[in-house]
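The lines below spell out each chain.
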Amino acid sequence: MASYDVMPDVGLFQPATVDDALRLADRFLDEGWLLGGGQDTYGWLKDRAKNPKALIDISHIDELRGIRKTDNGVDIGAATTLREIIGDASIGRDYSLLVDAARRVASPQIRNVGTLGGNLVQDTRCWYYRRGLACYRAGGNICYADGPQAMNREHSVFGASRCVAVSPSDTATALVALDATMTIRSADSSRTLPAERFFVGPATHITRMTALEPGEMLTAVTIPPTWAGKRFYFEKVADRNVWDFALVSIAAAMSLDGDAVADARLVCGGVACTPHRLKGVERAVRGKTLSDETADAVAPLATKGAKPLNYNHFKLPLIENLVRRALRG
Amino acid sequence: MNPQLSRRRFIKTVIASSVAAASHNSFPVAKAHHVGDGYVDRLITIIVNGKKRRVDVMPQETLAYTLRYKLGLTGTKIGCNRGECGACTVLIDDVTNYSCSTLTHSVRTRNVTTVEGVQSDDGSLHPVQQAFVDELSPQCGFCTPGQVMSAVALLRENPNPTREEARQALSGNICRCGAYDHYLNGVMRAAGQRS
Ligand SMILES: Cc1cc2nc3c(=O)[nH]c(=O)nc-3n(C[C@H](O)[C@H](O)[C@H](O)COP(=O)(O)OP(=O)(O)OC[C@H]3O[C@@H](n4cnc5c(N)ncnc54)[C@H](O)[C@@H]3O)c2cc1C
Ligand code: FES
Ligand code: FES
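Residues numbered from 1 in each chain as written. Chains lettered and ligands numbered in written order. Predicted model: local features only at pLDDT ≥ 70, side-chain atom pairs only at ≥ 80, totals over all residues. Heavy atoms only, no water.

## Here's the deal with the overall build of chain B
In terms of regular secondary structure, chain B is built from seven helices and five strands. When the helices and strands of chain B are placed in sequence order, the string is α-α-β-β-α-β-β-β-α-α-α-α. For chain B, the exposed area adds up to about 9800 Å²; of that, 53% sits on carbon and sulfur atoms. (Helix = DSSP H or I, 4+ residues; strand = E, 2+ residues; numbered from the N terminus. Areas by Shrake-Rupley, 256 points an atom, 1.4 Å probe, with all protein chains shown as cover.)

## Topic: the interface of chain B and chain A
Interfaces are often sized by the accessible area lost when the parts come together. Facing 42 residues of chain B, the contacting portion of chain A comprises 37 residues. Between chain B and chain A lies a buried interface of about 2800 Å² when both sides are counted; carbon and sulfur atoms form 53% of it. In this structure, E157(B) and R83(A) form a salt bridge, with 3.1 Å as the shortest nitrogen-oxygen distance. Between chain B and chain A we count 18 residue pairs in polar contact (both at pLDDT 80 or more) in total. Residue assignment for the side of chain B that touches chain A shows that the elements contributing at least two residues are α2 (27-32), β4 (95-98), α5 (144-157) and α6 (163-169) of chain B. Considering each element in turn, the side of chain B that touches chain A owes the most residues, four residues, to β4(B). (Contact = heavy atoms within 4.5 Å. Buried area = accessible area lost by both parts, 1.4 Å probe. Salt bridge = Lys/Arg side-chain N within 4 Å of Asp/Glu carboxyl O. Polar contact = N/O pair within 3.5 Å; in protein donor to acceptor, adjacent residues only side chain to side chain.)

## Side note on the site of ligand 1
Around ligand 1, a shell composed of 37 residues is seen, among which L34(A), G36(A), T41(A), T115(A) and N119(A) lie nearest. One finds residues of chains A and B in close proximity to ligand 1. G38(A) is positioned with one of its backbone polar atoms (N or O) 2.8 Å from an oxygen atom of ligand 1. In this structure, an oxygen atom belonging to ligand 1 sits 3.1 Å away from a main-chain N or O atom of D244(A). Elements with a contribution of two residues or more to the shell around ligand 1: β2 (32-35), α7 (116-121) and β8 (217-223) of chain A. By residue class, the composition of the shell around ligand 1 is 16 nonpolar, 13 polar and eight charged. (Near = heavy atom within 4 Å. Nonpolar A, V, L, I, M, F, W, Y, C, P; charged D, E, K, R; others polar.)

## Overview of the sheet that holds strand β12 (residues 276-277) of chain A
All names here are of chain A. An order of β9-β10-β11-β12 is seen for the four strands of this open sheet, with the pairing classed as antiparallel. Edge strands, defined here as strands with exactly one partner in the open sheet, are β9 (231-237) and β12. When strand β11 (residues 260-269) meets β12, the two strands line up antiparallel, connected through two bridges. Bridge pairing in β12 links V267 to R277. On top of the sheet, helix α9 (residues 170-177) reaches β9, β10 (248-257), β11 and β12; it is set at about 155° to β11, its chief contact. Taken strand by strand, helix α13 (residues 315-327) contacts β9, β10 and β11, and its axis lies near 30° from that of β10. (Pairing = 2+ DSSP bridges. Axes fitted to C-alpha atoms, helices over the stretch in contact; angles between N-to-C directions.)

## Quick word on the side chain of R277(A)
Residues and elements named next belong to chain A. Residue placement: R277 occurs in strand β12. Residue R277 is classed as buried on the basis of its relative accessible area, which comes to 18%. Within the structure, R277 has its side chain in polar contact with the side chain of E196 (distance 3.0 Å). Beyond its immediate sequence surroundings of up to four residues, R277 is in contact with V176, E196, R265, L266, V267 and E282. (Buried < 20%, exposed > 50% of the residue type's maximum accessible area, 1.4 Å probe, protein only.)

## Examining empty space enclosed by the protein
One simple way to see leftover space: roll a probe sized like a water molecule over the atoms. Residue and element names in this part refer to chain A. Inspection of the entire model under this criterion finds two cavities of 30 Å³ or more. Its boundaries defined by the atoms lining it, the largest cavity holds a volume of some 70 Å³. Lining the largest cavity we find 13 residues, and of these C126, C135, C143, Y144 and C163 sit closest to its centre. Every residue lining the second largest cavity is listed: L120, Q122, S167, P168, S169, F199, M209, C273 and T274. Among the residues forming the lining of the second largest cavity, the class breakdown is five nonpolar, four polar and no charged. (1 Å grid on protein atoms, 1.4 Å probe; cavity = no way out; pocket = protein on both sides within 12 Å on 5 of 7 lines; lining within 4 Å. Points joined across faces, edges and corners; volume = space filled by probe spheres on them.)

## Brief notes about the packing of helix α4 (residues 127-134) of chain B against α5(B)
Residues and elements named next belong to chain B. Relative to each other, α4 and α5 sit at 125°, their axes nearing to 9 Å. Accordingly, the angle class assigned to the pair α4 and α5 is oblique. Regarding α4 and α5, the two cross each other, and that crossing is right-handed. Packed against α4, whose contacting residues are V128, Q129 and F132, the element α5 presents T144, Q147, V148, A151, V152 and L155 at the interface. For the contact of α4 with α5, the per-class residue count stands at six nonpolar, three polar and no charged. (Parallel < 35°, antiparallel > 145°, perpendicular 65-115°, else oblique. Left-handed = near helix turned anticlockwise from the far one by under 90°.)

## What about the domain arrangement of chain B?
All names here are of chain B. Taken domain by domain, chain B holds domain 1 (35-116) and domain 2 (127-190). Measuring from the centre of the C-alpha atoms in domain 1 to the corresponding centre in domain 2 gives 22 Å. Each partner contributes residues to the interface: domain 1 has 17 residues there, and domain 2 has 13 residues. For the pair domain 1 and domain 2, the two sides together bury roughly 1100 Å², of which 63% comes from carbon and sulfur. Seen at the junction of domain 1 and domain 2, the total is one salt bridge. Note that R156 is salt-bridged to D94, the shortest N-O span being 2.7 Å. Mapped onto the side of domain 1 that touches domain 2, the elements with two or more residues apiece are β3 (89-92) and β4. (Domains from an automatic or database assignment.)

## A short note on the packing of helix α5 (residues 96-103) of chain A against α9(A)
Residues and elements named next belong to chain A. Relative to each other, α5 and α9 sit at 170°, their axes nearing to 8 Å. In terms of orientation, α5 and α9 fall into the roughly antiparallel class. Remark: the crossing between α5 and α9 carries right-handed chirality. Seen from α5, the contacting residues are L97, L98, A101 and A102; seen from α9, they are D170, T171, A174, L175 and A177.

## As for the pattern of salt bridges
In the structure shown here, the tally under the stated rule is 34 salt bridges over all chains. Taking the shortest distance from any N to any O, the salt bridge between R189(B) and E135(B) comes out at 2.9 Å. Taken together, the positions of R189(B) in helix α7 (residues 180-190) and E135(B) in the loop between α4 and α5 put the pair 54 residues apart, joining distant regions of the chain. With relative accessibility at 26%, the residue R189(B) sits in the partly exposed group. Three or more residues joined by partner-sharing salt bridges are found here, namely D179(A), E196(A), R265(A), R277(A), K279(A) and E282(A).

Dropping the structure here:
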């Protein structure tokens, strides 16, 4: 398949308000494409692997930008850039987990314009799919990443269903750990979903990564006060420190009662099509003291039920070691 | 006329005419829009290096394309055209951006600075450029305009960076020649921490 160097023909709308943008999204449905910072968009278009008719630029809509403290926690507009999140003092103080995750996204230039909404809704990086092949995710009936000769070092070890692609977003793991709520709007309705249910796997919907229907927009993310200022751990393992997606990442939020863990949420990125909660570890660590012994005792639970592919067995010890590092004293 | 100039003009004319041919198909969507729904106009003004430039911009056009092929500002390089190398780095309102991955229509009302715009009015080099010369930072030089822009942005925000901060700030710029440490030496020299 050819790769092109220039952008294809596509229309561009720059609506002034969310309502105008939603009307356009409703008009174009599958043929429209919401545009945040565009950093996950232009590659698709330049490769002619996705061919929307109209780009609907929402990056400059004021209602979608900014970070506000409310009674329910912190609201972050979907078009807020990663740079703004990283530089925000109150998020840094209360939810440093999100800042640590956002800091590890791509490169400085991409973080300067990439939006939180775009980072969460971005498509998977499976290169067979990205290349424009007609795989399951693209509406076909084969998975090129799951054959005997497939190169699948980066692919999933959990939750595959025909498609073995993984969730690429670094902020998604942090927001699932923080139990954030997503606000979703369309031209005529509005709904909210917990972050965990916002991301969907191939068994639920094989051609989508999120619960968004055509015409819908993620308008804001709300982080509840539950985990404000608690103990956090984020680590991302990638081939390079810049630009590369996580081979495995971990985002952990823990509340302590004295020395013992009262509650914990641990989420891995890069291992399943959605951010993957380690519920077995979460249950086992409750009531225990953070220490090397606890870490060693519960880490093996993290990979129970994993189904590695030909080239990604290395992810299992990697997951367990990241869990150990998150839980040692 | 300078033969090189006329060669450039010729290339530009060819490019401009193929652009006109390539954008023919966008007509249906453009026609389908209603007045006031935010469909972009083609003839726009952008502010580049402090000057207002009137330019005809396709809806899908990237800033790197406009700068190089419409405004003749070829200091901005296109390496990967995919946000993966940094050769195309420019400043938009003082913040580094990949111009290959920025739509020109999104920079209206904002200030674009390219490598052509960092020297002083009298033509003397920007301290970062001078320091890169003094430290022999570039090898082949292809990544240099991007490295200059990332370093200029860093020093505007943080005039006294540590070497580690400089490393972070330049981490979105690949140097295929591997001259990273020489660029970092240049940044530290421009910051007055090396002589
Ligand atoms: C070289 C390179 C390296 C990268 N490395 C990383 C990495 O390490 N980690 C990582 O997490 N990401 C990475 N990315 C992916 C991505 O570009 C960034 O994460 C960025 O934050 C995406 O945000 P954006 O606003 O630019 O997205 P856009 O391209 O604008 O949007 C991405 C998708 O989300 C949709 N969308 C955008 N906003 C909304 C909204 N409000 N509601 C509904 N849908 C919406 C768009 O329609 C599009 O489908 C990388 C990208 C590149 C090119
Ligand atoms: S040309 Fe823009 S990042 Fe490589
Ligand atoms: S000097 Fe040759 S690419 Fe950097």
